[in-house]
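# Understanding the architecture of this molecule
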Amino acid sequence: MVRAERKSMVYWALVVLVVVLASVMRLYAVDTTIVDSPYRADSAKYYDYAYNLRHHGVYTYDHAGVDNPDAQLLPDALCTPGYPLFLVPFASGPATYGRFHRIGLWQVVLGTLAVVLAFLLFRRMLSPWLALLATTLVAISPQQIIIATYNLSENLFTPLLLLVALVIAMALSGGKRRLAWGLLGAGVVIGLAALTRPVLEYFVPLLLLLLWVSYPRKQALTGGALVVLGFALMWGPWVARNIVSLGQASDPKLLVNTVHQGMYPGMMYNDDPQSLGVPYRFDPDYKHDDASLDATLAALAERFGDQPGRYLAWYLIGKPVQLWSWDLIANGPRSGLFIYPTPVSPYRGNSHAYFVFTYVLMQSAHGLLVILAFLSSLFVLLPVAARRYPRNTLLVLRIVALLLIYNTLILMIGAPYTRYSWPFLPLVLGMAWVLPATCLRWLLRRNAELKRLSSPVSKVAQA
């Protein structure tokens with residue numbers, strides 16, 4: 001008993017140490033990183049939304065509202081409001097390095113929270129020590145640390161995504177009352193996550209399908225209705241606002257841009273290396289093809305007709321590989337993990353040996369971990385998996401698997417920017433251990449059975 005208690009104390013001490021390590025690494029990165037003009041691109045857009053909402057009461061990214069206090073602004077819906085609402089308390093004035101640094105400090109809190117949520121989720125799908133190992137990888141993941149230095153929605157979406165998986169896992173592991181309240185909460189959290197990044201907007205049908213195949217019909221229907229209700233409570237006001245303000249449920253331009261920007265093989269225009277990451281800027285037909293969804297689909301159909309093999313390979317193989325690759329293509333082929341030009345970072349140079357070491361470690365293991373995660377995801381969805389895991393564990397594993405597969409399929413339709421996979425990386429780092437652990441347990445059991453059958457006592461008993 002004493003030995004077990006001591007072992008438990010050591011384990012939880014290590015858990016606390018990992019969480020502290022995660023917090024310290026993120027805080028140090030935010031304090032020491034220098035981003036060249038951080039108020040740019042999506043970062044500027046999010047901040048302008050927050051500023052205009054706070055000072056003008058209008059949800060728009062029109063920069064005129066920042067420059068002119070008397071500007072007449074028109075609302076838009078190009079970005080969902082989750083992350084801009086997070087920024088509102090910081091948007092008391094025009095963007096400055098000081099304000100961005102304060103945002104970064106709160107993003108350290110979000111990043112640390114994501115590590116805690118990952119651990120709580122992994123405890124429901126892995127052995128205690130494997131859960132600790134996977135959490136450690138999340139804590140030192142360069143992507144999870146670097147993103148805190150940029151004012152981008154991934155900082156808020158990552159903990160919300162992990163909370164989605166955890167709330168669903170908790171709901172599916174309880175009785176009828178917990179299942180009902182948990183699924184209502186799951187719908188609410190999915191709605192909040194979708195308001196931060198709309199990629200999760202269509203995950204609800206997959207969750208309903210899982211309920212349908214896992215529970216009696218009446219229970220599945222009731223649970224599904226609660227999920228939809230929870231989601232509608234969060235997503236509904238956004239749709240209603242758009243209908244009232246804009247006369248439509250959403251801005252169709254977002255879908256058009258996503259599909260159009262993702263239709264270039266290798267994310268280049270005519271294989272021109274200078275166009276890497278921004279091929280549409282080099283396309284002379286861009287404005288015509290991007291005018292509407294019909295125009296985009298017509299252009300895509302024409303290109304498919306001209307080079308069917310190349311485009312089929314791009315959509316089925318190239319896009320998933322690009323999405324889950326290590327290097328970004330935001331600033332060219334050698335941008336590494338830096339979304340915006342970042343001249344100073346603990347991951348640059350050799351003055352921060354620990355950061356460089358963890359970078360090289362995670363980079364070396366990245367490809368293998370991604371492959372193992374998706375093999376594990378496919379395995380847990382097979383009927384044979386029901387014989388390998390307890391029912392509650394199996395449902396948790398299937399939720400994580402569905403999230404990973406869903407994200408891949410959704411972004412195969414649009415632009416497979418690697419940055420979009422970063423919030424899902426904690427799920428990869430946990431799921432990667434499922435199949436190897438299962439195979440190892442099977443081999444150990446098989447070996448034990450063979451030893452038992454070959455032992456002298458066993459042979460005498462058989463005789």
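See the structure above.
Residues numbered from 1 in each chain as written. Predicted model: local features only at pLDDT ≥ 70, side-chain atom pairs only at ≥ 80, totals over all residues. Heavy atoms only, no water.

## Considerations on the layout of surface pockets
In this structure, the second largest pocket encloses a volume near 340 Å³. Contributing elements (two or more residues each) for the lining of the second largest pocket: α4 (82-87), α5 (97-122), α8 (154-172), α9 (176-196) and α11 (217-246). Counting residues per element, the lining of the second largest pocket draws most heavily on α8, at 4 residues. Per-class residue counts for the lining of the second largest pocket are 15 nonpolar, 2 polar and 1 charged. (1 Å grid on protein atoms, 1.4 Å probe; cavity = no way out; pocket = protein on both sides within 12 Å on 5 of 7 lines; lining within 4 Å. Points joined across faces, edges and corners; volume = space filled by probe spheres on them. Helix = DSSP H or I, 4+ residues; strand = E, 2+ residues; numbered from the N terminus. Nonpolar A, V, L, I, M, F, W, Y, C, P; charged D, E, K, R; others polar.)

## Section: the side chain of Gln-144
Tracing the chain through its elements places Gln-144 in helix α7 (residues 142-146). Relative accessible area serves as the criterion here: at 9%, Gln-144 is assigned to the buried category. Of note is the side chain of Gln-144, whose polar atom sits 2.9 Å from the backbone oxygen of Trp-422. Those residues in contact with Gln-144 that sit more than four places away from it in its chain are Arg-26, Val-138, Thr-158, Trp-422, Leu-425 and Pro-426. (Buried < 20%, exposed > 50% of the residue type's maximum accessible area, 1.4 Å probe, protein only. Polar contact = N/O pair within 3.5 Å; in protein donor to acceptor, adjacent residues only side chain to side chain. Contact = heavy atoms within 4.5 Å.)

## Overview of the packing of aromatic side chains
When we look at a pair of aromatic rings, we describe it by the centre distance and by the angle of the planes. Under the definition given, this model contains 29 aromatic pairs. Ring centres of Tyr-11 and Trp-129 lie 5.0 Å apart, and the angle between their planes is 85°; on these two criteria the pair is classed as edge-to-face. Linking Tyr-11 in helix α1 (residues 2-32) with Trp-129 in helix α6 (residues 128-140), this pair joins segments that are 118 residues apart in sequence. Grouped by ring-pair contacts, the aromatic residues Tyr-28, Trp-326, Tyr-347, Tyr-354, Phe-355 and Tyr-359 constitute a single cluster. Over the ring of Trp-212 we find Arg-217, and its NZ or CZ is 4.2 Å from the ring centre. (Phe/Tyr/Trp six-rings, centres within 6.5 Å; stacked < 30°, edge-to-face > 60°. Lys NZ or Arg CZ within 6 Å of the ring centre and 35° of its normal.)

## With respect to a positive patch on the surface
Among the surface-exposed residues, Arg-387, Arg-388, Arg-441 and Arg-445 lie close enough to one another that they form a single positively charged patch. Checked against the element boundaries, Arg-387 lands in the loop between α16 (353-380) and α17 (391-413). By relative accessible area, which is 66% here, Arg-387 ends up exposed. (Patch = residues over 30% accessible without salt bridge, like charges linked within 9 Å, V, L, I, M, F, W, Y side chains within 5 Å. Areas by Shrake-Rupley, 256 points an atom, 1.4 Å probe, with all protein chains shown as cover. Salt bridge = Lys/Arg side-chain N within 4 Å of Asp/Glu carboxyl O. Lys, Arg positive; Asp, Glu negative; His and termini not counted. Charge placed at Lys NZ, Arg CZ, Asp CG, Glu CD.)

## Quick word on unusual backbone geometry
The backbone of Ser-37 sits at a positive phi, close to 55°, despite the residue not being glycine. Mapped onto the elements of the fold, Ser-37 is located in the loop between α1 and α2 (41-55). On the basis of relative accessibility, which here comes to 35%, the residue Ser-37 falls in the partly exposed class. With a phi angle near 55°, Met-267 is a residue other than glycine that sits in the positive phi range. With respect to the helices, strands and loops of the structure, Met-267 is situated in the loop between α12 (252-261) and α13 (286-289). On the accessibility criterion, Met-267 (0% relative accessible area) is buried.

## As for the environment of Ala-13
Checked against the element boundaries, Ala-13 lands in helix α1. The exposure class assigned to Ala-13 is partly exposed, which follows from its relative accessible area of 48%. Distance from Ala-13 to Leu-74, taken between C-alpha atoms, is 53 Å for residues 61 residues apart in sequence.

## Observations regarding empty space enclosed by the protein
A full pass over the atoms with the stated rule returns 2 cavities of 30 Å³ or more. Roughly 90 Å³ of internal volume is contained in the largest cavity. Sorting the residues of the lining of the largest cavity by element identifies α5 and α8 as the ones contributing at least two each. Broken down by element, the residue count for the lining of the largest cavity peaks at 5 residues, all from α5. When the residues that make up the lining of the largest cavity are grouped by side-chain class, the tally is 7 nonpolar, 5 polar and 2 charged. Here the second largest cavity defines a volume of roughly 50 Å³. Surrounding the second largest cavity, Ser-141, Gln-143, Trp-326, Met-362, His-366, Leu-369, Leu-425, Val-428 and Leu-429 form its lining. Of all the secondary structure elements, the ones that give two or more residues to the lining of the second largest cavity are α16 and α18 (425-431). For the lining of the second largest cavity, the class distribution of residues is 6 nonpolar, 3 polar and no charged.

## Here we look at α16
Spanning 28 residues, α16 covers 38 Å between terminal C-alpha atoms, matching the ideal 40 Å at 1.5 Å per step. Of all the bends in α16, the largest measures some 45° and sits at His-366. (Expected span 1.5 Å × (residues − 1). Bend = angle between axes of the 7 residues up to and from the residue.)

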